[in-house]
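# Analysis of the macromolecular model
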Amino acid sequence: MTHKILVSDNDIKLVAFLQERIKDRRFQFILALSLEQVLEQLTNESFFAAIVDFEKTDDDGKKIVEYVLEKKIPTIATVEELTSSKYGELEKYSIIDYVINNNYAGKFYLADLLQGLEYFNGRKVLICYDNRKADKLESLVQIFNSLLFEPLLATSMKEAKSILSKEDNLRVIYIDESIKGGSGIELCREIKQDIKFKDTVVFSGAQNKNDLMELKEIRGKFYKSGVKDFITVPVDKEEFNTNILSMMKIIKQKKRLDTYVETVDKYVLISITNLKG
């Protein structure tokens, strides 16, 4: 399946960089520099995602990124420099993330983000939380949605266990510290003891904790129970995206290694001996 990516950025070398970095024929980058070209592409094509220069506007001052978001296309914004006012502007738009594209670190992150979207697309993520504080989890659900995950919500230990018993392909789970009918830490330990979830990334978090020592204790218990990351709610999107992309790369590398080892075990005869034969 080909993923068409709309690119509207004045850095025309960006497409060449992404093609060289990703080296995946499943990605097709379509460059549209002017508003007219963008509108034409939005009319005639369907896009998996878009990369749009956040500074570009039409003659009336409307941002090009707005035209793309109106089509419900997952969008990544590019900026030359990040100022406090620019950051405030970016937060007003329902973009996946932004990148600073005047350096290679930003461009590498952009390539990782596109590959992450392909990997996350349609994958189910279980979110276990206390529904009495549902408004605090809204930011987390929005982030998972923006990364193209399919969130499954569980507000109690019973609901969580029911979903876990039916879903064998969960690769990401979030567990809040507080959950009806039990403890998030207890649930985490049960999940990590189940062999079918051995490669599942488990996040944990806590809400409204003003006592730093209490928060440190909860975080420590979660880490010792097998979670990969601990986050506070509301979520810092930049930190979360960076962490989950790093974990995605580890999962994919492990999967490739497991496939290699399985192939060697199946087809290559290995004999081990000492100097005496």
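What you are looking at is a predicted structure, and each value in this text was computed from that prediction instead of being measured. (Residues numbered from 1 in each chain as written. Predicted model: local features only at pLDDT ≥ 70, side-chain atom pairs only at ≥ 80, totals over all residues. Heavy atoms only, no water.)

### Describing the nonpolar core
Rules: Remark: nonpolar core denotes a set of buried residues (Ala, Val, Leu, Ile, Met, Phe, Trp, Tyr, Cys) joined through side-chain atoms within 4.5 Å. Between buried and exposed lies partly exposed: a residue is buried under 20% and exposed over 50% of the maximum accessible area for its type, with that area taken using a 1.4 Å probe on protein chains only. Numbering of helices and strands runs from the N terminus; a helix is a DSSP stretch of H or I covering at least four residues, while a strand is a stretch of E covering at least two. The criterion used for residue contact is that any of the two residues' heavy atoms lie within 4.5 Å.
Grouped together as the largest cluster of nonpolar side chains are 46 residues, with contacts concentrated most on Leu114, Leu147 and Phe240. Per element, the largest residue contribution to this core is eight residues, and it comes from helix H5 (residues 104-120). If we skip the residues at most four places from it in the chain, phenylalanine 240 touches Leu140, Ile143, Phe144, Leu147, Phe203, Ile231 and Val235. One finds Leu152, Cys188, Ile218 and Val227 within the second-largest nonpolar core, a separate group that totals 24 residues.

### With respect to the pairing of strand E11 (residues 201-207)
This is how it is decided: For two strands to count as paired, DSSP must find a minimum of two bridges between them.
Within E11, seven of the seven residues are buried, leaving the element largely enclosed by the surrounding structure. Burial along E11 is two-sided: Val201, Phe203, Gly205 and Gln207 and Val202, Ser204 and Ala206, pointing in opposite directions, are all buried. Here strand E8 (residues 172-176) runs beside E11; their pairing, made up of five bridges, is parallel. Bridge pairing in E11 places aspartate 176 opposite glycine 205. In this structure, E11 lies alongside strand E12 (residues 229-233), joined through five bridges in parallel fashion. Looking at E12, one finds that glutamine 207 is bridged to valine 233.

### A few points about the packing of helix H1 (residues 13-22) against H5
Here is the rule we go by: Axes here refer to lines fitted to C-alpha atoms; in helices the fit is confined to the stretch in contact. Angles between the N-to-C directions go from 0 to 180 degrees. Note on angle classes: values under 35 degrees are labelled roughly parallel, values over 145 roughly antiparallel, values of 65 to 115 roughly perpendicular, and the remainder oblique. By definition, any crossing whose near helix is turned counterclockwise from its far helix by less than a right angle is left-handed, and any crossing with a clockwise turn is right-handed.
Viewed as axis vectors pointing N to C, H1 and H5 meet at an angle of 60°, and their least axial separation amounts to 10 Å. Relative to H5, the element H1 lies oblique. Between H1 and H5 the crossing geometry is right-handed. Across the interface between the two elements, Leu14, Phe17, Leu18, Arg21 and Ile22 from H1 touch Tyr104, Lys107, Phe108, Leu110, Ala111, Asp112, Leu114 and Gln115 from H5.

That's the geometry; what it means functionally is another story.
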